[in-house]
Amino acid sequence: MKTVTIFGSSVPKPGESDYQIAYEVGHELGKRGFDICTGGFFGIMEAASKGATDAGVEAIGITVPHFTGTPNAYVTKHIQCKTLFERITKLIEHGDAFVTLTDGTGTLLELSVVWEFMNKEIMQHKPAAVLGDFWIPLLNFMDLRMEFEGRETNVIKQFNHVSDCVEYITKSL
């Protein structure tokens, strides 16, 4: 069974569009037989986990005690790490592919580590996608820099629709 790690914020609440999008990503990937791994807490992580469990697959939650709270109710397998960096490493190790949803600095950090690990060949290239036009300026900027450095561009794929993102991950795995 392959696992898709989904990165995203703890802020969105049920009924909000970012929460619904995360649910759809988790559910659609789950229906295709992929387990889902998240940071295990609330918001996007909860929504993706709920989508996974509703589809009948594993919802892995990787947490760290630095953040208060318990894992969301949909986590079926809980892994607690001691530090934020250990958590990020575990999230990446569990992922056969990655989907990043709109968010702030924590999600940017996770995406950046995935990108850098592939850029520096610390890990093999794996399917990596961002969902939403929020990420377009960053992708364009970084691809220009990668081109300047003579490195591979277009490593992170951008999608505006859940169905296109899910199709990319499915075909890639």
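What this report covers is the structure whose coordinates are included nearby. (Residues numbered from 1 in each chain as written. Predicted model: local features only at pLDDT ≥ 70, side-chain atom pairs only at ≥ 80, totals over all residues. Heavy atoms only, no water.)

## Section: the packing of aromatic side chains
Then step 1. Scanning the entire structure with this criterion turns up three aromatic pairs.
Then step 2. Between Phe134 and Trp135, the aromatic rings sit 4.9 Å apart at their centres with planes inclined by 85 degrees, giving edge-to-face as the arrangement.
Then step 3. With a centroid separation of 5.3 Å and 35 degrees between ring planes, the pair formed by Phe159 and Tyr168 is classed as tilted.
Then step 4. For Tyr168, a relative accessible area of 19% translates into the label buried. (Phe/Tyr/Trp six-rings, centres within 6.5 Å; stacked < 30°, edge-to-face > 60°. Buried < 20%, exposed > 50% of the residue type's maximum accessible area, 1.4 Å probe, protein only.)

## Topic: the sheet that holds strand β7 (residues 157-159)
Then step 1. The strand order across the open sheet formed by seven strands is β4-β3-β2-β1-β5-β6-β7, and the pairing between neighbours is parallel. Edge strands, defined here as strands with exactly one partner in the open sheet, are β4 (77-80) and β7. When the angles between neighbouring strand axes are averaged without regard to direction, this sheet yields 25 degrees.
Then step 2. Bridge count between strand β1 (residues 3-7) and strand β2 (residues 35-38): three bridges; the pairing is parallel. Across the sheet, the residue bridging to Thr5 is Cys37, located in β2.
Then step 3. Helix α3 (residues 84-94) contacts β1, β2, β3 (59-63), β4 and β5 (97-100) of the sheet and is inclined by roughly 160 degrees relative to β3. (Pairing = 2+ DSSP bridges. Helix = DSSP H or I, 4+ residues; strand = E, 2+ residues; numbered from the N terminus. Axes fitted to C-alpha atoms, helices over the stretch in contact; angles between N-to-C directions. Contact = heavy atoms within 4.5 Å.)

## Description of the pairing of β2
Side-chain positions along a regular strand alternate between the two faces of the sheet.
Then step 1. Of the two faces of β2, the one carrying Asp35 and Cys37 and the one carrying Ile36 and Thr38 are both buried.
Then step 2. For the crossover that starts at β1, traverses helix α1 (residues 17-31) and ends in the parallel β2, the hand is right-handed.
Then step 3. Where β2 and β3 come together, three bridges link them in parallel fashion. From the neighbouring strand, Thr38 faces β3, where its bridge partner is Gly61.
Then step 4. At this point the chain moves from β2, through helix α2 (residues 44-54), to the parallel β3, and the crossover so formed is right-handed. (Right-handed = clockwise from strand over helix to strand, strands pointing away.)

## Observations concerning the nonpolar core
Then step 1. By size, the foremost hydrophobic cluster in this structure holds 26 residues, and its most contacted members are Val4, Ile6, Val25, Leu29, Val99 and Leu101.
Then step 2. Val99 has contacts with Val4, Thr5, Ile6, Phe7, Val25, Leu29, Ala129, Cys165 and Ile169, leaving out every residue within four places of it along the chain.
Then step 3. Within the second largest apolar cluster, 22 residues are counted, among which are Ile60, Leu91, Trp115 and Val130. (Core = buried A, V, L, I, M, F, W, Y, C linked by side-chain atoms within 4.5 Å.)

## What about the pattern of salt bridges?
Then step 1. Summed over all chains, the structure comprises eight salt bridges.
Then step 2. Between Glu149 and Arg145 there is a salt bridge, with the nearest N and O atoms lying 3.1 Å from each other. Of the two residues, Glu149 and Arg145 are both situated in helix α5 (residues 136-149); the distance of four residues between them amounts to about one turn of the helix.
Then step 3. Owing to a relative accessible area of 37%, Glu149 belongs among the partly exposed residues under this scheme.
Then step 4. For the salt bridge of Glu167 with Lys171, the shortest nitrogen-to-oxygen distance reads 3.6 Å. With Glu167 and Lys171 both in helix α6 (residues 162-172) and four residues apart, the pair spans about one turn of that helix.
Then step 5. The class of Glu167 is partly exposed, set by a relative accessible area of 35%.
Then step 6. Salt bridges sharing partners connect three or more residues here, namely Glu28, Lys31 and Arg32. (Salt bridge = Lys/Arg side-chain N within 4 Å of Asp/Glu carboxyl O.)

## Quick look at α6
Then step 1. When α6 is considered as a whole, its buried residues turn out to be Val162, Cys165, Val166, Tyr168 and Ile169. Burial along α6 is one-sided: seen end-on, the buried residues are contained in an arc of 160 degrees. Facing away from the buried side of α6 by over 90 degrees, the exposed positions are Ser163 and Lys171. (Arc of directions from axis to C-beta.)

## What about the environment of Asn140?
Then step 1. With respect to the element layout, Asn140 can be found in helix α5.
Then step 2. Taking relative accessible area as the criterion, Asn140 reaches 47% and is therefore assigned partly exposed.
Then step 3. Between the alpha carbons of Asn140 and Thr153 there is a distance of 9.5 Å; along the sequence they are 13 residues apart.

The quantities given are spatial measurements derived from coordinates; they are silent on function.
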